[in-house]
Structures are given as structure tokens and as C-alpha cells.
Amino acid sequence: MAVKLGIEPLFEADFLPCSYGFRPKRHATQALEVIREAGNRGYEFVVDADIQRYFDSIDQQKLLALLVERISDRRVRKLIRKWLEAGVLEDGTVRATLAGTPQGGVISPLLANIYLSALDRVWTQRCSQLGVLVRYADDFVVLCRTEAHAREALRRIQWIMGRLGLTLHPEKTRLVDLRKGAEGFTFLGCMIRKRRSIQRLPHRHFMQRWPSPQAMRNVRARIHELTDYRGPARDVTDVIAALNPVLRGWGNYFRTGNATRKFTALDSYVSGRLWRWHWRRGGQRSRHRYDQWPRARYYVMGLHQLTGTVRYPVNATPVRPSVSRVRETRTHGLIGGAGTGRA
């Protein structure tokens, strides 16, 4: 940790704005917002890239060369080199590693960012006219205006990856057509796709995002595990106490998108699992009745509710003030009072 805190400011000064992963004052929501805004500006073709075995394929000599550009202290460079050459312990046997970085280490995300900063520099200097690069650690996409630009962007990315000794996954890397919601892609756990705006401009499609199917499966599996009637919890309050950190953390990450439907569905799943926990804990002669335990009762007991927690980021497009669609008054939001009928 001490080494990371010492060298991170040196490389942070060189990192470009297109990088968002594992950096101070930068987070996934900012990267997702850049994608949303670019898609709404006409960047409708996406290069969804996936690096094959990235952390195991990093060329250690090239990484050390990048470190030398900023680190002059030989002791620090030697210490990092020793970390890279330490090997991996598997089944009690140490296996030497000729490539890659130590996964799980505190400094590993920083080293991964340093290695891929070469991609950021080359793209910004030579390829920025093709599209917008958004990178979060080893996960990145390029948004382009035309299909021809997207194909050329993919070709150049493959060339850059080759110079770095990396390979794009042949099956997971693909071109995505966002026009009129034809296709979508998954980035940072979110399904990103264009949808028609019914309330604002019904003839146009806008970028939206919500939890991906894999994210939904993962959180459901965790909820299922915590609400198992064979678990250690003896009272429903114990189950709720175990569920709340999971629901709150998962909801805080996904609440800045268009996740209302997914949040509502997950609330229904949680209440159903709690009711089932009650019923199974009572055995064959359970006195538990569904009408005695409505969903609202769980919320009174402290269960975290996801529905109603969706919030848009500060830099998201604000709701356009307009005349209300209510036919009775047509004055909602205007000077003179909301719904009073006075101008």
C-alpha cells in the first residue's frame, strides 16, 4: 500500500480523461454517463472489446519500461520487479510467472492502468477522430458515428493490442448497432441500449441502462443464499439484517440508470423469499399466513426497499420543464401554482 500511495500521483498526472477505473475521484458512473451522452449525440456504433486473459498476459518487461519513465528510484523499481517475478502459489507449489501481474494485490489495478495507458495515448493522439474511447481498467468500449469508423477502430485496436502483446477475445469482441434499439451491450454490469422516449420525443430513441441479466442472476443467488430456511437466522429480523447491506450496496451502484423495473422485480423477489422463509421455518403445520405478512410489514421492520431509490447523476440531462399532460388544468409547473388552474 505504501508503494502504491507513493507512485500513484506520478502516473495519475499522465493518465488521460478516457480512463475511469481505480483512479482517485473517478468511478463507474462517470464512465457510464459518457457513454450515455455520446450515444445521444449520434455515436450509434460501438466496438465492445474484451481482452483475453489480460492480467495473465501483461508483458512484464514492457510494463517495467513504462515504470522507468516515471520512477527514478531504483529501490522502488527493484521491489516492483520482485513482485512481478514472485510467482504463484498453487497447491503448495510455487509456479514461476513470465507474464502477468499479481492478481488480488493492492498495486495490481494501478499496474494494469499503467500498462493500458499506452492504448489511451495512442488513441487520443492518432485515432480520436474515429470515436470516443471509454475505458475502465481492462474493460473498454469505443463509440463511433458510422459503421465504417467502428470497423476501422476495431482494426486499430487490434494493432495496438498486438504491440502490447495482448489479444482481443474473438468471441466476446463485437460491433454493436445501437440505432433504434436494434442491439445493446453490457458494460460494467449494466445493459446499455437505446429505447424510444414515449413522454418526450416518441419518434426518437435515447440511451438507457439497467442491471444486466448476469447482475440480476448474481444478486438473486445471493438473496437466495441469505434467505435459506436452513441458515443460522432464528428470526426474520436477522434475515433482514443480513439482506440490507447486499440490497443497499447493489442498489446504490445501479440506481443512477433506468432501473425502476428491475428494482421493483427484485423487491418482489425479496419479499417472496422472506415469506417462504417464514413458511418453511414453521414446518408442515406452520401457522404463518400470507395475509398477516404483507410486503409493507417487512419494510416497517427495516427491510431496505429498492423501489423509489433511482436517482440520476448531477450531470445527467434534467427533466425538461413543460406544461403538464393533465387535461384538467394544463398549468402544472407554471407560475401561479401547480394544478390550481390560475395563470
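Residues numbered from 1 in each chain as written. Predicted model: local features only at pLDDT ≥ 70, side-chain atom pairs only at ≥ 80, totals over all residues. Heavy atoms only, no water.

Asker: What should I look at first to understand the packing of helix H9 (residues 236-254) against helix H10 (residues 260-281) in this one?
Answerer: Geometry of a packed helix pair, given as the angle between the helix axes and the separation of the axes. The geometry of H9 relative to H10 is characterised by a closest axis approach of 12 Å and an angle of 165 degrees between their N-to-C directions. Considering their axes alone, H9 and H10 lie roughly antiparallel with respect to each other. When you trace H9 past H10, the crossing you get is right-handed. Residues Val236, Val239, Ile240, Leu243, Leu247, Trp250, Gly251 and Phe254 of H9 form the contact with H10, whose participating residues are Phe263, Leu266, Val270, Leu274, Trp277 and His278. (Axes fitted to C-alpha atoms, helices over the stretch in contact; angles between N-to-C directions. Helix = DSSP H or I, 4+ residues; strand = E, 2+ residues; numbered from the N terminus. Parallel < 35°, antiparallel > 145°, perpendicular 65-115°, else oblique. Left-handed = near helix turned anticlockwise from the far one by under 90°. Contact = heavy atoms within 4.5 Å.)

Asker: How should the pairing of strand S8 (residues 190-196) be read in this particular structure?
Answerer: Both faces of the sheet carry side chains from a regular strand, because those side chains alternate between them. Judged from the four bridges that link them, strand S7 (residues 184-187) and S8 form a sheet pairing that is antiparallel. Within S8, the residue paired with Thr186 across the bridge is Met191. Taken together, S7 and the strand that follows it, S8, pair antiparallel across an intervening segment of two residues, in which Leu188 is found at a positive phi of about 55 degrees. Two strands pair when backbone bridges link them, and S8 and strand S9 (residues 205-211) are joined in this way by seven bridges, in the antiparallel orientation. Considered in S9, the bridge of Arg193 is made with Gln208. (Pairing = 2+ DSSP bridges.)

Asker: In this structure, what is going on with the pattern of salt bridges? I would like to understand it.
Answerer: Two side chains with opposite charge may pair up if their charged atoms get near one another. Tallied over the full model, the rule gives 16 salt bridges. In this structure, Arg53 engages Asp56 in a salt bridge whose closest nitrogen and oxygen atoms are separated by 3.2 Å. Taking the relative accessible area as the measure of exposure, Arg53 reaches 57% and is therefore exposed. With a shortest N-O distance of 3.3 Å, Arg75 and Asp73 are connected by a salt bridge. The exposure class of Arg75 is exposed, given its relative accessible area of 68%. (Salt bridge = Lys/Arg side-chain N within 4 Å of Asp/Glu carboxyl O. Buried < 20%, exposed > 50% of the residue type's maximum accessible area, 1.4 Å probe, protein only.)

Asker: Mind showing me how you'd approach the packing of helix H6 (residues 108-127) against helix H7 (residues 147-163) here?
Answerer: Put simply, H6 and H7 touch, their axes get as near as 11 Å, and they point 140 degrees apart. Taken as axis vectors, H6 and H7 run oblique relative to one another. Crossing angle aside, the handedness with which H6 passes H7 is right-handed. Within the contact between the two elements, H6 uses Leu116, Leu119, Val122, Trp123, Arg126 and Cys127 and H7 uses Ala153, Arg156, Ile157, Trp159, Ile160 and Met161. Here the residues of the contact of H6 with H7 sort into 10 nonpolar, no polar and two charged. (Nonpolar A, V, L, I, M, F, W, Y, C, P; charged D, E, K, R; others polar.)

Asker: Got a minute to help me understand the sheet that holds S8 in this structure?
Answerer: For sheets, the rule is that strands pair by backbone hydrogen bonds, running either parallel or antiparallel. Read from one edge of the open sheet, three strands run S7-S8-S9, paired in antiparallel fashion. For this open sheet the edge positions go to S7 and S9, each flanked by a neighbour on one side alone. Pairwise comparison of adjacent strand axes, ignoring direction, gives a mean angle of 30 degrees for this sheet.

Asker: Even after reading the chapter, I still don't get the sheet that holds strand S6 (residues 174-177), so can you show me in this structure?
Answerer: Strand order in the open sheet formed by four strands is S4-S5-S1-S6, with antiparallel pairing between adjacent strands. On the outer flanks of this sheet lie strand S4 (132-136) and S6, each paired with one strand and no other. Adjacent strand axes in the sheet meet at a mean angle of 20 degrees, parallel and antiparallel pairs treated alike. Bridge count for S4 against strand S5 (residues 139-144) is five bridges, and the pairing is antiparallel. Its bridge partner being in S5, Val132 is matched across the sheet by Leu143. Helix-sheet contacts for H6 involve S4 and S5, and the interaxial angle to S4 is about 175 degrees.

Asker: Can you walk me through the nonpolar core in this structure?
Answerer: One recurring pattern in soluble globular proteins: nonpolar side chains tend to sit buried together. Within the largest apolar cluster, 46 residues are counted, with the highest numbers of intra-cluster contacts made by Ile35, Phe185, Phe187, Leu243, Trp250, Leu274 and Leu303. At seven residues, the largest contribution of residues to this core is made by H9. In this structure Trp250 touches Pro211, Ala215, Met216, Val219, Phe263, Leu266 and Leu306, once residues within four positions along its chain are discounted. Counting residues in each nonpolar core, the second largest holds 43 residues, with Cys18, Val47, Leu64 and Leu164 among its members. (Core = buried A, V, L, I, M, F, W, Y, C linked by side-chain atoms within 4.5 Å.)

Asker: Explain a nonpolar patch on the surface to me, please; I cannot follow it from the model alone.
Answerer: On the surface, Met1, Leu5 and Val106 cluster together into a nonpolar patch covering about 310 Å² of accessible area. Along the chain, Met1 turns up in the segment before helix H1 (2-12). On the basis of relative accessible area, Met1 is assigned to the exposed category, the value being 57%. (Patch = residues over 30% accessible without salt bridge, like charges linked within 9 Å, V, L, I, M, F, W, Y side chains within 5 Å. Areas by Shrake-Rupley, 256 points an atom, 1.4 Å probe, with all protein chains shown as cover.)

Asker: Honestly, empty space enclosed by the protein in this entry has me stumped. Any pointers?
Answerer: To locate leftover empty space, one rolls a probe as large as a water molecule over the atoms. Counted according to the given criterion, the structure contains one cavity of 30 Å³ or more. Here the largest cavity defines a volume of roughly 40 Å³. Around the largest cavity, the lining residues are Leu32, Cys190, Arg209, Trp210, Pro211, Tyr253, Phe254, Thr256, Gly257 and Ala259. Elements with a contribution of two residues or more to the lining of the largest cavity: S9 and H9. For the lining of the largest cavity, the leading source of residues is S9, giving three residues. Partitioning the lining of the largest cavity into residue classes produces seven nonpolar, two polar and one charged. (1 Å grid on protein atoms, 1.4 Å probe; cavity = no way out; pocket = protein on both sides within 12 Å on 5 of 7 lines; lining within 4 Å. Points joined across faces, edges and corners; volume = space filled by probe spheres on them.)

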